[in-house]
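# An overview of the molecular structure
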Amino acid sequence: MKLNMQNTAFVFPGQGSQTVGMGEELAAQYPIAKQTFDEADSILGFALSKIMWDGPDADLNDTVNTQPALYVHSLAAFRTFSHLFPNLTPASMAGHSLGELSALAAAGAFSFADGLRLVRRRGELMKHAGTLAPGGMAAILGLDIPTLDKVCAEASAHDELVQVANDNCPGQVVISGAKPAVERAVAGAKTAGAKRALPLAVSIAAHSPLMASIQIEWSDAVNEANFLPPQIPVIGNVYAATLGDEAAARADITAQMQSCVRWTESVRLIDAQGVTNFVEVGTGTVLGGLIKRIVDGVTTHPLGTPQDFSALD
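Here is a short report on the structure shown in this document. Computed from a prediction, not measured in an experiment: that's the story for all the values here. Throughout this document, residue positions are counted from 1 along each chain, in the order its sequence is written. Local features in a predicted model are, by the rule used here, given only for residues with pLDDT of at least 70; side-chain atom pairs are given and counted only at 80 or more, and totals for whole chains, interfaces and linings are based on all residues. As a rule here, side-chain values cover all heavy atoms of the structure and leave hydrogens and water aside.

### With respect to the overall build of the chain
A tally of helices and strands in the chain yields 14 helices and 9 strands. Relative to the globule expectation of 20 Å for 313 residues, the C-alpha radius of gyration of the chain, 19 Å, shows essentially globular dimensions. With the principal axes as the frame, the chain shows a C-alpha extent of 55 × 45 × 35 Å. When accessible area is computed with a 1.4 Å probe and restricted to protein chains, residues below 20% of their type maximum are described as buried, those above 50% as exposed, and intermediate ones as partly exposed. Across the 313 residues that make up the chain, the buried fraction comes to 54%. Methods summary: accessible areas were calculated by the Shrake-Rupley approach with a probe of 1.4 Å, and residue burial reflects only the protein chains presented. Carbon and sulfur atoms provide 52% of the accessible area of the chain, an area that totals close to 12,500 Å². Numbering of helices and strands runs from the N terminus; a helix is a DSSP stretch of H or I covering at least four residues, while a strand is a stretch of E covering at least two. The size measure is the radius of gyration over C-alpha atoms, and the globule rule it meets is 2.2 Å times the number of residues to the 0.38 power.

Take a look at the structure:
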């Protein structure tokens, strides 16, 4: 094993990392991964793995499937790692948005099955919120958070709010909220000097007040799930702080629905704890790219395919 676990963190991707074929090679090579996909299909009552491996893109990109797909691939990869290296545990974990639930499951805060049901419910509720209260999101490049907070405040009205939704890395931020407010904020960001301000092709205003329409149902789903104390430190999205017990974990993923994903601050906290290696568990390399723009002198490693496992050995 090339990595020293004492200075290694595992990070778990969120929506946007999905791709048809995700996890298929892993399942073909490692029985523990195949068992994970089979277990997920059984729990959900349909062949999610078929959508993940065969598509079509439209089905995989439907958030009710995207979220569990990313969760299942991440947990399959984590279980494979734990099987191959049973005595190795990362120093800490974090996940981006949906990935926070993957991180909590990997840390033992809830079972794979309970986590999968929660993730599927999250996707259903967020999709429903997009019909109850359609909104928009936009990517803003080249503005800092204080400037963008000011832009969003000026673009918001009493019944049309927009806010920072994802602080992905310095210079790359996503805003979310009511479509007219997002449009005003895009114009305001350009006036404030943004390099680019691009509306995203979504109708779900994630991590914004428009999620209030399903907040009670989401809170109920989280409260009904069986939580345990995390066995590995997990940095939460909402406060960019370690979730030390079940109550903190519940509170963070409950509040996350309407709150900003503070990814930049989370990565800086992990870096300050002496972590120099970040392993992206599951699909893609999106987080690795963001991490390298947040902190200097770290290495990033994907962990979602058999080739990734070979590279670590």
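### Examining the state of the cysteines
Our working definition of a disulfide is a cysteine sulfur pair at a distance within 2.5 Å. Across all of its chains, the model carries 0 disulfides by this definition. The closest cysteine sulfur to the non-disulfide-bonded C152 is located on C260, 9.9 Å from its own sulfur. By relative accessible area, which is 17% here, C260 ends up buried.

### Side note on the sheet that holds strand β4 (residues 162-169)
Should DSSP find at least two bridges between two strands, the strands are taken to pair. The sheet built from 4 strands is open, its strands ordered β4-β5-β3-β6 with antiparallel pairing. Each edge of the sheet is formed by a strand with only one pairing partner; in this case those strands are β4 and β6 (196-199). Mean inter-strand twist for the sheet, computed between neighbouring axes without regard to direction, equals 20 degrees. Residues count as neighbours in contact if any of their non-hydrogen atoms are within 4.5 Å of one another. A fitted line through C-alpha atoms serves as each axis, taken over the contacting stretch for helices, and the angle formed by two N-to-C directions is quoted from 0 to 180°. In the packing of helix α8 (residues 145-155) onto the sheet, the strands contacted are β3 (136-141), β4 and β5 (172-177), and the crossing angle to β4 comes to about 160 degrees.

### Comments concerning the sheet that holds strand β1 (residues 8-12)
Read from one edge to the other, the open sheet built from 5 strands follows the order β7-β2-β1-β8-β9, with strand pairing classed as parallel. Each edge of the open sheet is held by one strand with a lone partner, namely β7 (234-235) and β9 (299-303). Pairing between β1 and strand β2 (residues 92-95): 4 bridges, direction parallel. Counterpart to V11 in the pairing with β2 is A94. The strands that helix α5 (residues 63-84) touches are β1, β2, β8 (277-281) and β9; relative to β1, the one it contacts most, it runs at about 150 degrees.

### Looking at the environment of N7
Positionally, N7 belongs in the segment before β1. On a C-alpha basis, the gap between N7 and G274 in space is 6.0 Å, while along the polypeptide they are 267 residues apart. N7 has contacts with G274, V275, T276 and N277, leaving out every residue within four places of it along the chain.

### Quick look at the pairing of β3
Within β3, 5 of the 6 residues are buried, which leaves the element mostly enclosed by the surrounding structure. Two strands pair when backbone bridges link them, and β3 and β5 are joined in this way by 6 bridges, in the antiparallel orientation. Its bridge partner being in β5, A139 is matched across the sheet by V174. Bridge analysis of β3 against β6 gives 4 bridges, and the strand direction is antiparallel.

### What to know about the nonpolar core
In this text, buried Ala, Val, Leu, Ile, Met, Phe, Trp, Tyr and Cys residues form a nonpolar core when linked through side-chain atoms within 4.5 Å. The biggest cluster of nonpolar side chains holds 67 residues, and the ones touching the most others in it are F10, Y71, M93, F110 and L118. Discounting residues that sit within four places of it in the chain, M93 has contacts with F10, F12, F78, A103, A106, A107, I232, P233, V234 and I235. In terms of nonpolar packing, the next biggest core, distinct from the first, is built from 22 residues, A155, A181, A189 and A194 among them.

### Side note on unusual backbone geometry
Between G55 and P56 the backbone carries a cis peptide bond, its omega angle lying at 5 degrees. Examined against the element boundaries, P56 turns out to sit in the loop between α3 (48-54) and α4 (57-60). A positive phi angle is found at S97, which is not glycine, with a value near 60 degrees. With respect to the helices and strands, S97 occurs in the loop between β2 and α6 (98-106). If you check the backbone angles, A240 has positive phi at about 50 degrees while not being a glycine.

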